[in-house]
Amino acid sequence: MKDIKVTRCVGEGQGECKRCKELKGWGLNWTSFLYKIEGREGCYCFDCVKAIIEEEEQCQES
Ligand SMILES: [Zn+2]
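One structure accompanies this document, and this report is about it.

Definitions and cut-offs
- Residues numbered from 1 in each chain as written.
- Predicted model: local features only at pLDDT ≥ 70, side-chain atom pairs only at ≥ 80, totals over all residues.
- Core = buried A, V, L, I, M, F, W, Y, C linked by C-beta atoms within 7 Å.
- Buried ≥ 20, exposed ≤ 12 C-beta atoms within 10 Å, placed from the backbone.
- Helix = DSSP H or I, 4+ residues; strand = E, 2+ residues; numbered from the N terminus.
- Contact = placed C-beta atoms within 7 Å.

## Let's talk about the nonpolar core
Thinking step 1. Among the nonpolar cores identified, the biggest contains 8 residues, and these are Cys17, Leu34, Ile37, Cys43, Tyr44, Cys45, Cys48 and Val49.
Thinking step 2. Put simply, the parts of the chain that give this core at least two residues each are strand 4 (34-37), strand 5 (43-45) and helix 2 (46-61).
Thinking step 3. It is strand 5 that provides the largest number of residues to this core, a total of 3 residues.
Thinking step 4. For Cys17, the residues in contact, after removing those within four places along its chain, are Gly27, Asn29, Leu34, Cys43, Tyr44, Cys45 and Cys48.

And the structure:
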């Protein structure tokens, strides 16, 4: 299993979850609730971070 490094996004005010934007058309969230995933562009909310890690793990298994 690959360890994916997740770090908190830093900044003030509102940011955007890249995955929510792609899936739902909007992804506004407070920057303090957004995370960066190592090797990926942009910031992601906690739900998306979880989903992305699950997807990555499934890719590893198959
Ligand atoms: Zn999201």
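Alright, that's what it looks like, and here's the rest.
## Points about the environment of Cys45
Thinking step 1. Along the chain, the position of Cys45 falls in strand 5.
Thinking step 2. In this structure the C-alpha to C-alpha distance between Cys45 and Val6, which are 39 residues apart in sequence, comes to 11 Å.
Thinking step 3. If we skip the residues at most four places from it in the chain, Cys45 touches Cys17, Cys20, Asn29, Phe33 and Leu34.

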